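Secondary and tertiary structure notes
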Amino acid sequence: VGTFDANAWGVHDVAGNLSEWVADCWHASYRRAPSDGVAWFNPGCRQRVIRGGNWANAPDQTRAAWRQSQDSDTTSARIGFRLVRGI
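Everything numeric here is computed off the predicted structure, so don't read it as measured data. (Residues numbered from 1 in each chain as written. Predicted model: local features only at pLDDT ≥ 70, side-chain atom pairs only at ≥ 80, totals over all residues. Heavy atoms only, no water.)

Some words on the overall build of the protein chain
Worth spelling out the cut-off: The way it works is that DSSP assigns letters per residue, a run of H or I at least four long becomes a helix, a run of E at least two long becomes a strand, and they are numbered from the N terminus. The rule is simple: take the accessible area with a 1.4 Å probe, protein chains only, and divide by the maximum for that residue type; under 20% is buried, over 50% is exposed, in between is partly exposed.
Scanning the protein chain for helices and strands turns up zero helices and four strands. Counted from the first residue to the last, the protein chain has its helices and strands arranged as β-β-β-β. Along the longest, intermediate and shortest principal axes, the C-alpha atoms of the protein chain span 40 × 30 × 25 Å. Looking at the 87 residues of the protein chain, the share that counts as buried comes to 20%.

Written out as structure tokens, the structure reads:
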């Protein structure tokens, strides 16, 4: 923990532990995506977005922009979520 330098916001160790579930439903592209940053949710969607790589991924997948589709009822030791609070 804290072995590497902090990112631009002063936070350590936020990449590479787990891939993270996000609220968005899966879409193959960003065409017609919300432009205000809200989650892109479609009622009844089963495929959700997972972002970032985990400890078992290749290095090029260990970045926040990397994403993949995953069935919403999948469980895995390599997928988690992050709790956030607006400030």
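Next comes the rest of the description.
Re the side chain of Gln70
Basically, it comes down to this: Under the rule applied, a polar contact is a pair of N or O atoms within 3.5 Å (in protein, one hydrogen donor and one hydrogen acceptor; residues adjacent in sequence only if both atoms are side-chain atoms). The contact definition used throughout considers only heavy atoms, calling two residues in contact when any of these lie within 4.5 Å.
Relative to the helices and strands, Gln70 resides in strand 3 (residues 67-71). At 3.4 Å, the side chain of Gln70 forms a polar contact with the side chain of Gln68. Setting aside chain neighbours within four positions, we find Gln70 in contact with Trp21, Arg46, Gln47, Arg48, Ile50 and Ile79.

Some words on the sheet that holds strand 3
Basically, it comes down to this: For two strands to count as paired, DSSP must find a minimum of two bridges between them.
The mixed open sheet is built from four strands, whose spatial order is 3-2-1-4. Each edge of the sheet is formed by a strand with only one pairing partner; in this case those strands are strand 3 and strand 4 (79-80). The pairing of strand 2 (residues 47-51) with strand 3 spans five bridges and is classified as antiparallel. Within strand 3, the residue paired with Ile50 across the bridge is Gln68.

Quick notes on a nonpolar patch on the surface
Our working definition: Surface patches are defined over residues having more than 30% relative accessible area and no salt bridge, joining like charges when they lie within 9 Å and nonpolar side chains (Val, Leu, Ile, Met, Phe, Trp, Tyr) when within 5 Å. The Shrake-Rupley method, run with a 1.4 Å probe sphere, supplies the accessible areas, and residue values consider only the shown protein chains as cover. Any Lys or Arg side-chain nitrogen found within 4 Å of a carboxyl oxygen on Asp or Glu counts as a salt bridge.
Taken together, the side chains of Trp9, Val11 and Val14 make up a nonpolar region of the molecular surface, amounting to roughly 340 Å² of accessible area. Exposure remark for Val14: the relative accessible area of 37% places this residue in the partly exposed category.

Notes on the state of the cysteines
Here is the rule we go by: The disulfide definition used here is simple: a pair of cysteine sulfur atoms within 2.5 Å.
By the definition in use, this model includes one disulfide. The disulfide that involves Cys25 links it to Cys45, with 2.0 Å between the sulfurs. The S-S bond linking Cys25 to Cys45 shows a torsion near -70°; that makes this disulfide left-handed. Linking Cys25 in strand 1 (residues 19-25) with Cys45 in the loop between strand 1 and strand 2, this pair joins segments that are 20 residues apart in sequence.

Points about the packing of aromatic side chains
Formally: Centres within 6.5 Å are what make two rings of Phe, Tyr or Trp a pair, Trp counting through its six-membered ring; a difference in plane orientation under 30 degrees is then read as stacked, over 60 as edge-to-face, and the rest as tilted. The criterion for a charge sitting over a ring is simple: Lys NZ or Arg CZ within 6 Å of the ring centre, and within 35 degrees of the ring normal.
Evaluation of the coordinates by the stated rule reveals zero aromatic pairs. Sitting above the plane of the Trp55 ring, Arg78 keeps its charged end 5.0 Å from the centroid.

Focus: the environment of Arg46
With respect to the helices and strands, Arg46 occurs in the loop between strand 1 and strand 2. Arg46 gets classed as partly exposed once you look at its relative accessible area, which sits at 44%. Residues Arg46 and Asp73, spaced 27 residues apart in sequence, show a C-alpha to C-alpha distance of 8.0 Å. When sequence neighbours within four positions are dropped, the list of residues in contact with Arg46 reads Gln70, Asp71, Ser72 and Asp73. At 3.0 Å, the side chain of Arg46 forms a polar contact with the side chain of Asp71.

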